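# Per-entry structural report
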Amino acid sequence: MKDLKYVDVLRIEIPLPLRIEGVAQEKLVRSVRELMVAEEQLKERKYPEVLHTCRNIVMSYLTKVIEVEEEGKKRKKRVFGDEIANYMLSRVPEYEKSLYKEVIKSVDQTLEGLLQHLHKFIKEDTGKLLKNPLRVDAEYAFYTLFSIVKYLTELSTER
């Protein structure tokens, strides 16, 4: 297409470790592999499948369920997983740790917002499709998650 002067191509890469050294890296690698599946689904216009794949990545690899108490009631909440958060913190210089704790909170908030968006289309507890998403919804989920995973993998490969 570029040779035909029809479109220019933007290529974005995600670095992966050559050797997986722990749970955090394994979860990131699995997230990337699932994102590759979601990318193909997006190209094939399988928008509900894109949302299911993105939801699976967030719920299986990037977050965990904790129990919180608010106003005297206990409820379950999904938060960014400890393995990846701790691994991220281990990769940054000591004097930057407080900054990256704030970054982790931001990533957690972004993932929470993404899940809220996904659960408008997919039932939270069963994964059943509630409404057919538009292409823009599938792209939003994919590119938001892509950006998060790319950031996390790049940070995890920092030396």
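What counts, and where the lines are drawn
- Residues numbered from 1 in each chain as written.
- Predicted model: local features only at pLDDT ≥ 70, side-chain atom pairs only at ≥ 80, totals over all residues.
- Heavy atoms only, no water.
- Pairing = 2+ DSSP bridges.
- Helix = DSSP H or I, 4+ residues; strand = E, 2+ residues; numbered from the N terminus.
- Core = buried A, V, L, I, M, F, W, Y, C linked by side-chain atoms within 4.5 Å.
- Buried < 20%, exposed > 50% of the residue type's maximum accessible area, 1.4 Å probe, protein only.
- Contact = heavy atoms within 4.5 Å.
- Expected span 1.5 Å × (residues − 1).

A few words now on the pairing of strand β1 (residues 63–70). Where β1 meets strand β2 (residues 73–80), 8 bridges bridge the pair, whose relative direction is antiparallel. Bridge assignment links E69 to a residue of β2, and that residue is K74.

Let's shift gears to the nonpolar core. Ranked by internal contacts, the top residues of the largest apolar core, which has 40 residues, are L62, F80, I84, L111, F142, L145 and L152. Listing elements by their share of this core, those giving two or more residues are α1 (23–43), α2 (47–62), α3 (82–91), α4 (97–118) and α5 (135–156). The residues contacting L111, other than those within four sequence positions of it, are V58, L62, T63, F80, L145 and I148.

This brings us to α2. Owing to its 3.6 residues per turn, the α-helix aligns residues three or four sequence positions apart on the same side. Here α2 contains 16 residues, and its C-alpha end-to-end distance of 21 Å stays within 8% of the 22 Å for a straight helix at 1.5 Å per residue. Most of α2 sits out of view: 12 of its 16 residues are buried. Residues Y47, P48, V50, L51, T53, C54, R55, I57, V58, M59, Y61 and L62 constitute the buried set of α2. Its buried side turned inward, α2 meets α1, β1, β2, α3, α4 and α5.

What follows covers the environment of L99. If you trace the backbone, L99 turns up in helix α4. Given a relative accessible area of 44%, L99 falls into the partly exposed group. Separated by 10 residues in the primary sequence, L99 and L89 have C-alpha atoms spaced 9.7 Å apart.

In short, shape yes, function no, at least from these values alone.
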